[in-house]
Amino acid sequence: MTQPTRIGIVGCGSVMQRPYMRLIQPMRAVGTVDVTIACDVREEVREVVQDRLGIGRFTTDYEEVIDSEEVDVVMVLTSMREHGPITRAALAAGKHVLVEKPMAVTLEEAAEIVEMARHSSGLLVCAPHVVLSNTYQTMWRHIHRGDVGKVLMARARYGHSGPDWRPWFYLEGGGALFDLGVYNITCLTGWLGPAKRVMAMTGVAIPERVVGGEMMRVEAEDNAHVLIDWGDSVFAVVTTGFTMQKYRSPALEVYGSEGTIQMMGDDWNPTGYELWRNDVGAWQIHEGTDRDWQWTDGLRHLVDCIRNDKTPVVTPEHAFHVLEIMLKAQESGGDGQSKTIESSFTPPSFEEEQEEVAPHKVHDWTQR
Ligand SMILES: NC(=O)c1ccc[n+]([C@@H]2O[C@H](COP(=O)([O-])OP(=O)(O)OC[C@H]3O[C@@H](n4cnc5c(N)ncnc54)[C@H](O)[C@@H]3O)[C@@H](O)[C@H]2O)c1
């Protein structure tokens, strides 16, 4: 395929205007992709989209993007409740789709999407794309080669003080699990495979917040501890919330019978990993193992798969499993009972060695 892959974008807010366009513009410059149309229900972003981002067509109706003959890939970058309906419509029209997390806010809707993706002519890539980072994949190899022995437990953490630009993050269909915990749960299930049971404490720790300059009441959980069970007494805890100002702890820690491996930074932006092996008797520190990786990389991956006829390693089945864990964690937070996880998936395998890369950059989450 020598023509650019044509992208239509639905949702032109914070992540579209900065992180995704930062990935797209260099790909556009070399003719790998073109952005033929963008859509947002807010008419006021038309000028930014057309003048600053250089996208010729703008619409307030997402059907126009989905129906366009000039679109190969639909990117769904709206607020969360809209993801499901737009993704379904795009798959039904035979488009390739990249959808931000979560793929949908109910399991019924997500199940329909997974089923549609199996039969659609388009590929579906669901964020987060954390399994694509070199650090994640290198850690996968250490874990699967038995460098830390049999995995017995894990801890994961991601949080910050909370988005301040849009109220939907704090309303039903939003929340810290869908926004933040999702990264941790994707990594843990990617490494350890499908989970069997979940139990959680979830709640609203800060009931009122100033968002977009106005005071609002918080409905969705902003504070959560989630316990995940893989069977055979293998457990992990995920600590997440819009309740953390700063931290200096590892993002993920995996404890095995013969050692420990931990990811530094955040799992969407790893800064390296640290490995303890009993047989070595020392910590091995690997810094900057993701020099060029960006958390938006799922788009580059999707375009690569389309252009080179490959199957994406980021699968809808994995995203569905993660969604089931999050929804059941919310249920468990409500009634205090543990919940059985019914779905399963085949985690991506990364047997092939990749070259480790040199130290690089430090981000903070506000720069996404
Ligand atoms: N903000 C982050 O740091 C971040 C990071 C990673 C992923 N994400 C994900 O990216 C998505 C967008 O986040 P954001 O921070 O850019 O939110 P945002 O609110 O800034 O942007 C979403 C945009 O979608 C538009 N929109 C809503 N419904 C629409 C519809 N039916 N048709 C067309 N446009 C519609 C809104 O008007 C808004 O401009 C979310 O799913 C979020 O989980 C966000």
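Residues numbered from 1 in each chain as written. Predicted model: local features only at pLDDT ≥ 70, side-chain atom pairs only at ≥ 80, totals over all residues. Heavy atoms only, no water.

Participant: Got a minute to help me understand the confidence of the model for the chain in this structure?
Facilitator: Low pLDDT means the predicted coordinates in that region are not meant to be read closely. Per-residue pLDDT for the chain averages 95, and the proportion of residues at 70 or more is 95%. For the stretch residues 357–368, pLDDT sits under 50, and the model shows 35 contacts to residues farther than four places along the chain or on other chains. (pLDDT = per-residue confidence, 0-100. Contact = heavy atoms within 4.5 Å.)

Participant: Whenever I open this one, helix H5 (residues 107–119) confuses me. Can you help?
Facilitator: Three- or four-residue spacings in an α-helix give side chains the same orientation, since the helix completes a turn every 3.6 residues. Helix length check: H5, at 13 residues, gives a terminal C-alpha distance of 19 Å against a target of 18 Å (1.5 Å per residue), a fit within 8%. Check the buried side of H5 and you find it contacts helix H4 (83–92), strand S6 (124–126) and helix H9 (316–335). (Helix = DSSP H or I, 4+ residues; strand = E, 2+ residues; numbered from the N terminus. Expected span 1.5 Å × (residues − 1).)

Participant: Where do I start with the site of the ligand in this structure?
Facilitator: Taken together, 26 residues lie near the ligand, and Asp40, Arg42, His83, Arg166 and Trp168 sit nearest. One of the backbone N or O atoms of Ser14 is found 3.0 Å from an oxygen atom in the ligand. In the environment of the ligand, an oxygen atom lies 3.1 Å from a nitrogen or oxygen atom belonging to the side chain of Trp165. Expressed as a share of its isolated accessible area of 820 Å², the protein-covered part of the ligand is 94%. (Near = heavy atom within 4 Å. Polar contact = N/O pair within 3.5 Å; in protein donor to acceptor, adjacent residues only side chain to side chain. Areas by Shrake-Rupley, 256 points an atom, 1.4 Å probe, with all protein chains shown as cover.)

Participant: Mind showing me how you'd approach the environment of Met199 here?
Facilitator: Position of Met199 among the secondary structure elements: in strand S8 (residues 197–203). Under the relative-accessibility criterion, Met199 is labelled partly exposed at 33%. Separated by 74 residues in the primary sequence, Met199 and Tyr273 place their C-alpha atoms 28 Å from one another. Those residues within four positions of Met199 in sequence are excluded, and the remaining contacts are His225, Val226, Leu227, Ser332, Gly336, Gln337 and Ser338. (Buried < 20%, exposed > 50% of the residue type's maximum accessible area, 1.4 Å probe, protein only.)

Participant: How should the sheet that holds strand S16 (residues 282–287) be read in this particular structure?
Facilitator: Whenever strands of a sheet pair, they do so through backbone hydrogen bonds, lying parallel or antiparallel. Taking strand neighbours across the sheet as the criterion, the 9 strands line up as S16-S15-S14-S13-S7-S12-S11-S8-S17 in an open arrangement whose pairing is mixed. A strand with exactly one partner marks an edge of an open sheet, and here the two such strands are S16 and strand S17 (339–340). Here 7 bridges tie strand S7 (residues 151–159) to strand S12 (residues 235–241), and the two strands are oriented parallel to one another. Paired with Arg157 across the two strands is Thr239, which belongs to S12. (Pairing = 2+ DSSP bridges.)

Participant: Can you walk me through the sheet that holds strand S3 (residues 57–59) in this structure?
Facilitator: Ordered by their spatial adjacency, 6 strands build an open sheet running S3-S2-S1-S4-S5-S6, and the pairing between neighbours is parallel. The sheet is open, and its two borders are formed by S3 and S6, each paired with just one other strand. This sheet shows a mean twist of 20 degrees between the axes of neighbouring strands, independent of strand direction. Pairing geometry for strand S4 (residues 73–76) and strand S5 (residues 96–99), over 4 bridges, is parallel. Residue pairing across strands places Met75 opposite Leu98, the latter belonging to S5. Sheet strands in contact with helix H1 (residues 14–29) are strand S1 (5–10), strand S2 (33–39), S4 and S5, and its direction is about 150 degrees off that of S2. (Axes fitted to C-alpha atoms, helices over the stretch in contact; angles between N-to-C directions.)

Participant: Please clarify how the side chain of Asp40 should be interpreted in this entry.
Facilitator: Locating Asp40 in the fold gives a position in the loop between S2 and helix H2 (46–52). By relative accessible area, Asp40 is classed as buried at 9%. If sequence neighbours within four positions are ignored, Asp40 has contacts with Gly11, Cys12, Gly13, Val45, Phe58, Thr59 and Thr60.

Participant: Could you clarify how one ought to interpret the pattern of salt bridges in this entry?
Facilitator: Between side chains of opposite charge, a pair can form as their charged atoms come close. One pass over the structure, following the stated rule, counts 24 salt bridges. The partner of Arg6 in a salt bridge is Asp72, with the nearest N and O atoms 3.0 Å apart. Separated by 66 residues along the polypeptide, Arg6 in strand S1 and Asp72 in the loop between helix H3 (62–67) and S4 bring together distant segments of the chain. Relative accessible area serves as the criterion here: at 22%, Asp72 is assigned to the partly exposed category. Close ionic contact of Asp34 with Arg28 constitutes a salt bridge, the shortest N to O distance being 3.8 Å. Accessibility expressed as a relative area gives 31% for Asp34, which makes it partly exposed. Arg28 gets classed as buried once you look at its relative accessible area, which sits at 18%. (Salt bridge = Lys/Arg side-chain N within 4 Å of Asp/Glu carboxyl O.)

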